[in-house]
Amino acid sequence: REKTLELLWSVIFGYQLATILNLDNIREEIDHLRRSLNAKARLGDKHAKAGISWLEIVLNRSPEHSALAGERLQLLLEWVRLVLIHYGVEIDNWTTSWCDGRGLCLLVHHYQPSLMQRQEIRDQTTITHQNDNQNLDDSADFSYGSKNLDAKTYETLMENEKNNFKLLLHRVSVEIN
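Report on the accompanying structure. Remember, it's a predicted structure, so these values are computed and weren't measured experimentally.

**Notes on the overall build of the protein chain**
Right, on to step 1. The helix and strand inventory of the protein chain stands at 7 helices and 0 strands.
Right, on to step 2. Buried positions account for 38% of the 177 residues belonging to the protein chain.
Right, on to step 3. The contacts of the protein chain with a sequence gap of at least 6 include a subset with a gap of at least 24, amounting to 65%.

**As for the environment of Ala48**
Right, on to step 1. One can find Ala48 in helix H3 (residues 46–61).
Right, on to step 2. For the pair Ala48 and Gly88, spaced 40 residues apart in sequence, the C-alpha separation works out to 8.0 Å.

**A word on the side chain of Thr96**
Right, on to step 1. Along the chain, Thr96 turns up in the loop between helix H5 (71–85) and helix H6 (102–111).
Right, on to step 2. The exposure class of Thr96 is buried, given its relative accessible area of 2%.

**Thoughts on the pattern of salt bridges**
Right, on to step 1. Applying the stated rule across the entire model yields 5 salt bridges.
Right, on to step 2. Arg102 is the partner of Asp100 in a salt bridge, and the nearest nitrogen-oxygen pair spans 2.5 Å.
Right, on to step 3. The exposure class of Asp100 is buried, given its relative accessible area of 0%.
Right, on to step 4. Of the charged contacts, one joins Arg171 and Glu120 as a salt bridge, the two residues approaching to 2.5 Å between their closest N and O atoms. Taken together, the residues span a long stretch of sequence, with Arg171 in helix H7 (residues 151–176) and Glu120 in the loop between H6 and H7 at a distance of 51 residues.

**As for the nonpolar core**
Right, on to step 1. Membership of the largest hydrophobic core comes to 34 residues, with the highest contact counts inside it found for Trp79, Val80 and Leu84.
Right, on to step 2. Elements represented by at least two residues in this core include exactly helix H2 (23–42), H3, H5, H6 and H7.
Right, on to step 3. Counting residues per element, this core draws most heavily on H5, at 9 residues.
Right, on to step 4. Apart from the residues within four sequence positions on either side, Val80 is in contact with Ile91, Trp94, Trp98 and Leu107.

**Focus on the packing of H3 against H5**
How two helices sit against one another is set out by the angle between their axes and by the gap between those axes.
Right, on to step 1. H5 packs onto H3 with a crossing angle of 155 degrees between their chain directions and a minimal axis gap of 10 Å. It follows that H3 is roughly antiparallel to H5 by the angle criterion. Every pair of crossing elements has a handedness; the one defined by H3 and H5 is right-handed. Side by side, H3 and H5 meet where Gly51, Trp54, Leu55 and Val58 of the first sit next to Arg81, Leu82 and Ile85 of the second.
Right, on to step 2. Class assignment for the residues of the contact of H3 with H5 results in 5 nonpolar, 1 polar and 1 charged.

**Points about H3**
Right, on to step 1. The first and last C-alpha atoms of H3 sit 22 Å apart over 16 residues, in line with the 22 Å expected at 1.5 Å per residue.
Right, on to step 2. Buried residues of H3: Ala48, Gly51, Ile52, Trp54, Leu55 and Val58, and no others. The buried residues of H3 all sit within an arc of 165 degrees when viewed along its axis, so they share a single face. Residues of H3 that are exposed and angled more than 90 degrees away from the buried face: Lys46, Ile57 and Asn60.
Right, on to step 3. Elements in contact with the buried residues of H3: H2 and H5.

**Here we look at the environment of Leu167**
Right, on to step 1. Inspection of the secondary structure puts Leu167 in helix H7.
Right, on to step 2. Ignoring anything within four residues of it in the chain, the contact list for Leu167 reads Cys105, Met116, Glu120 and Ile121.

Rules behind the numbers
- Residues numbered from 1 in each chain as written.
- Predicted model: local features only at pLDDT ≥ 70, side-chain atom pairs only at ≥ 80, totals over all residues.
- Heavy atoms only, no water.
- Helix = DSSP H or I, 4+ residues; strand = E, 2+ residues; numbered from the N terminus.
- Buried < 20%, exposed > 50% of the residue type's maximum accessible area, 1.4 Å probe, protein only.
- Contact = heavy atoms within 4.5 Å.
- Salt bridge = Lys/Arg side-chain N within 4 Å of Asp/Glu carboxyl O.
- Core = buried A, V, L, I, M, F, W, Y, C linked by side-chain atoms within 4.5 Å.
- Axes fitted to C-alpha atoms, helices over the stretch in contact; angles between N-to-C directions.
- Parallel < 35°, antiparallel > 145°, perpendicular 65-115°, else oblique.
- Left-handed = near helix turned anticlockwise from the far one by under 90°.
- Nonpolar A, V, L, I, M, F, W, Y, C, P; charged D, E, K, R; others polar.
- Expected span 1.5 Å × (residues − 1).
- Arc of directions from axis to C-beta.

Okay, here's the thing in structure tokens:
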């Protein structure tokens, strides 16, 4: 799954991103999302406060990685993180963070809520049930949180992930047709 997502992102970033991404629009949306998150935090929303703290940690975690990525890619990652942190979903990278379908479904829901209802998106996935100390990298030994789960729970979580992708594909294909 990771290699497929990596290939997909490479195609999108390498061939389409420069033509479809307006940097000024992305910057405006980032500013809007930051103001929204900060307003929620000022109103006492615990999830917004936690999201702001997480974003600060992420930004300070790997400044050398940020310097290596292009401006478009960095802005896109910042935008995605800001949208999804509104839903409590932390996006660390372009591969494993997308493996359960929640991020893509929530992006669609955020901008087209009539196309995909929030309650249709399955939150309980192998990614949400992994150990806090598990390394979220792209290595081959990443096991999607299965090490400490019984078989029935793991199967249910995997089914939720499949359902997220099925929902996304169905709704997007219906909208396109």
